[in-house]
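Structural overview
So the chains spell out like this:
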Amino acid sequence: MEIDRSCGCKGIRSCLICETIYRIPRINLADNLQNKRTYVYCINCDKAWPGWNLSSNQHPNHIGVPIDYPGVYIEPNFLSKNKAKILIKKLDELPWDLSQSGRRKQNYGPKCNFKRRRLRLGNFSGFPATTRFVQEKFANVPLLQGFQTIEQCSLEYDPLRGASIDPHIDDCWIWGERIITVNITGDAVLTMTPYTDALYRYNLPDVETYPSVVESILNSKKTQPNMEAMEHVVVRLPMPARSLMVLYGASRYNWEHAVLREDVKGRRLCIAYREFTPPYLEGGDHFDEGSKILEKARIFW
Ligand SMILES: O=C(O)CCC(=O)C(=O)O
Ligand SMILES: [Fe+2]
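Residues numbered from 1 in each chain as written. Chains lettered and ligands numbered in written order. Predicted model: local features only at pLDDT ≥ 70, side-chain atom pairs only at ≥ 80, totals over all residues. Heavy atoms only, no water.

**Details of the overall build of the protein chain**
As a reminder of what qualifies: Secondary structure elements are defined from DSSP: runs of H or I of at least 4 residues count as helices, runs of E of at least 2 residues count as strands, and each element is numbered from the N terminus. With the radius of gyration taken over C-alpha atoms, the globule rule is written as 2.2 Å times the number of residues to the power 0.38. A 1.4 Å probe rolled over the protein chains alone gives each residue an accessible area, and that area as a share of the maximum for its type sets the label: buried under 20%, exposed over 50%, partly exposed in between. We call two residues in contact whenever any of their non-hydrogen atoms come within 4.5 Å of each other.
When helices and strands are tallied, the protein chain shows 7 helices and 16 strands. Here the C-alpha radius of gyration of the protein chain, 19 Å, is about what a compact globule of 301 residues would show, namely 19 Å. Along the first, second and third principal axes, the C-alpha set of the protein chain runs to 50 × 50 × 45 Å. The 301 residues of the protein chain split such that 50% are buried. Residue pairs in contact within the protein chain that sit at least 24 positions apart in sequence constitute 79% of those at least 6 positions apart.

**Structural notes on the pattern of salt bridges**
Heads up, the rule is: One side-chain nitrogen of Lys or Arg within 4 Å of one carboxyl oxygen of Asp or Glu is enough to make a salt bridge.
Tallying each qualifying case throughout the model produces 16 salt bridges. E19 is the salt-bridge partner of R261, the closest N and O atoms lying 2.8 Å from each other. One end of the pair, R261, is in the loop between β15 (255-259) and β16 (268-274); the other, E19, is in helix α1 (residues 16-21), and 242 residues separate them in sequence. Residues R261 and E19 agree in their burial class; the two are buried. In this structure, E93 engages K89 in a salt bridge whose closest nitrogen and oxygen atoms are separated by 3.1 Å. Three or more residues joined by partner-sharing salt bridges are found here, namely D92, R104, E156 and R267.

**A closer look at the site of ligand 1**
Short version of the rule: Only a single heavy atom is needed: when it lies within 4 Å of a molecule or strand, its residue is near that molecule or strand. Pairs of N or O atoms within 3.5 Å make up the polar contacts considered here, provided that, within protein, one atom can donate a hydrogen while the other can accept it, and that residues adjacent in sequence are counted only when both atoms are side-chain atoms. Accessibility throughout is a Shrake-Rupley quantity obtained with a 1.4 Å probe, and a residue counts as covered only by protein chains that appear here.
By nearness alone, every residue bordering ligand 1 is listed as L155, Y157, I165, H168, D170, T181, M239, H257, V259, R268, C270 and R274. Within the side chain of H168, one N or O atom sits 3.0 Å away from an oxygen atom of ligand 1. For ligand 1, an oxygen atom lies 2.8 Å from a polar atom in the side chain of R268. Coverage of ligand 1 by the protein chains reaches 90% of its 290 Å² of free accessible surface. Of all elements in the fold, only β9 (151-157), β10 (165-168), β15 and β16 reach the threshold of two or more residues within the shell around ligand 1.

**Some details on the packing of aromatic side chains**
So the rule is basically this: Between the rings of Phe, Tyr and Trp (Trp by its six-membered ring), a pair exists once the centres lie within 6.5 Å; its type follows the angle of the planes, with under 30 degrees stacked, over 60 edge-to-face, and the other angles tilted. Over a ring means this: the NZ of a Lys or the CZ of an Arg is within 6 Å of the ring centre and within 35 degrees of the ring normal.
Applying the stated criterion across every chain, the model contains 12 aromatic pairs. Each ring, one from Y41 and one from Y69, has its centre 6.3 Å from the other, and the planes form 70°; the classification is edge-to-face. Linking Y41 in strand β1 (residues 37-42) with Y69 in the loop between β3 (67-68) and β4 (72-75), this pair joins segments that are 28 residues apart in sequence. With respect to class, Y41 is no different from Y69; both count as buried. The interplanar angle of 35° and the centroid separation of 5.5 Å between the aromatic rings of F276 and Y280 together place this pair among those described as tilted. A residue is classified by how much of its surface remains accessible, and Y280, at 4% relative accessible area, is buried. In this structure, R268 packs its charged tip against the face of Y157, placed 4.9 Å from the ring centre.

**Some words on the nonpolar core**
Threshold: Remark: nonpolar core denotes a set of buried residues (Ala, Val, Leu, Ile, Met, Phe, Trp, Tyr, Cys) joined through side-chain atoms within 4.5 Å.
One finds Y69, F138, I180, V182, V235, L237 and L244 to be the most contacted residues of the largest nonpolar core, which totals 66 residues. With residues up to four places along the chain from it excluded, the contact list for F138 reads F78, L144, F147, T149, I180, V182, L244 and Y273.

**Concerning the side chain of T191**
With respect to the helices, strands and loops of the structure, T191 is situated in strand β12 (residues 188-194). At a separation of 3.0 Å, a polar atom in the side chain of T191 contacts the side chain of R236. Once residues lying within four places of it in the same chain are set aside, the contact partners of T191 are L33, V234, V235, R236, E256, H257, A258, L260 and D263.

**Considerations on the UniProt feature "domain: Fe2OG dioxygenase" (unreviewed entry) in the protein chain**
Which entries qualify depends on this criterion: UniProt positions are given in the numbering used here, feature names are shortened, and annotations may be inferred rather than shown by experiment.
Sites flagged by UniProt as "domain: Fe2OG dioxygenase" (unreviewed entry) map to residues 149-277. Taken as a whole, residues 149-277 contains 9% helix and 37% strand, while its terminal C-alpha atoms sit 11 Å from one another.

**With respect to the environment of N44**
Looking at where N44 falls in the secondary structure, it is placed in the loop between β1 and β2 (47-50). Overall, the relative accessible area of 58% leaves N44 in the exposed class. Remark: the alpha-carbon pair of N44 and P60, spanning 16 residues in sequence, is separated by 8.4 Å.

**Things to note about the coordination of the iron ion (ligand 2)**
Just so we agree on the cut-off: In this description, a donor is an N, O or S atom within 2.8 Å of the metal centre, a cutoff extended to 3.2 Å for sodium, potassium and calcium. Water is not part of the atom list, which can make sites seem incomplete.
At 2.1 Å from the iron ion (ligand 2) lie its protein donor atoms, namely H168 (NE2), D170 (OD) and H257 (NE2). The sequence pattern describing where the donors of the iron ion (ligand 2) fall on their chain is H-x1-D-x86-H. With H168 in strand β10 and H257 in strand β15, this residue pair connects regions lying 89 residues apart in the sequence. Across the pair, H257 and H168 agree in class, each one buried.

Here's what the structure looks like:
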């Protein structure tokens, strides 16, 4: 039975509040994952080394045999301390909405029905002017060449609410290859698990129907060698406060990403940015639909 929960959770999603009120049992994902072959991605050597905690097995004194983990770009100190402080203040001046699993969000973008594949403008009228400088900084990142933000979503993770996000892949019908996260405050970890379930989920078959944007920028393929061998592997990606993260290629399409409750130690704020898939951009089959939204996405109010 579906219970209408005041905390914002629905269905299988839960937070500390509804778990306590409704005695909802919770599967401890962190415990399950820690028993697998776990690796921590190192920003310096672009390899993943055996371990679970980010503080273990640190550069340059790595121990064990690393694996390749293609499709992630992390830029520490993307925001200065001062800019991060200003951004936190400005975001908190805007209204927050309750979301699932103990999160709150501020979503600016079109309405998307991923199942029916329906795109509507809704009340989307652009982005808050106080956050404009962040999007402008994307122009300095070669990997983000031509990235036009269509959806900007601030997320708050509160440890007192047991906030987390379950493993998932961002939809592939409407959201393009590069998924950007600007971490503002609260060091965090993105936990990656190989996706082996039904192909139709997340509209994954669409990926084969449009060109890879990143491949043409980097002039190389970012596929995971030997994905079958990754079955019992977990990769932990560092998301330090004030850093930029971009998921693309194998990391975007072959792995699910999650933020575990156990990794949220203090208030965490980040902003996720999404772009259209090529069919909704200029030259694509759905450009007439996309262009109305692209127009709004150039506005800062
Ligand atoms: O909090 C994060 O870093 C990830 C958020 C996310 O995966 C999403 O909003 O789709
Ligand atoms: Fe996501």
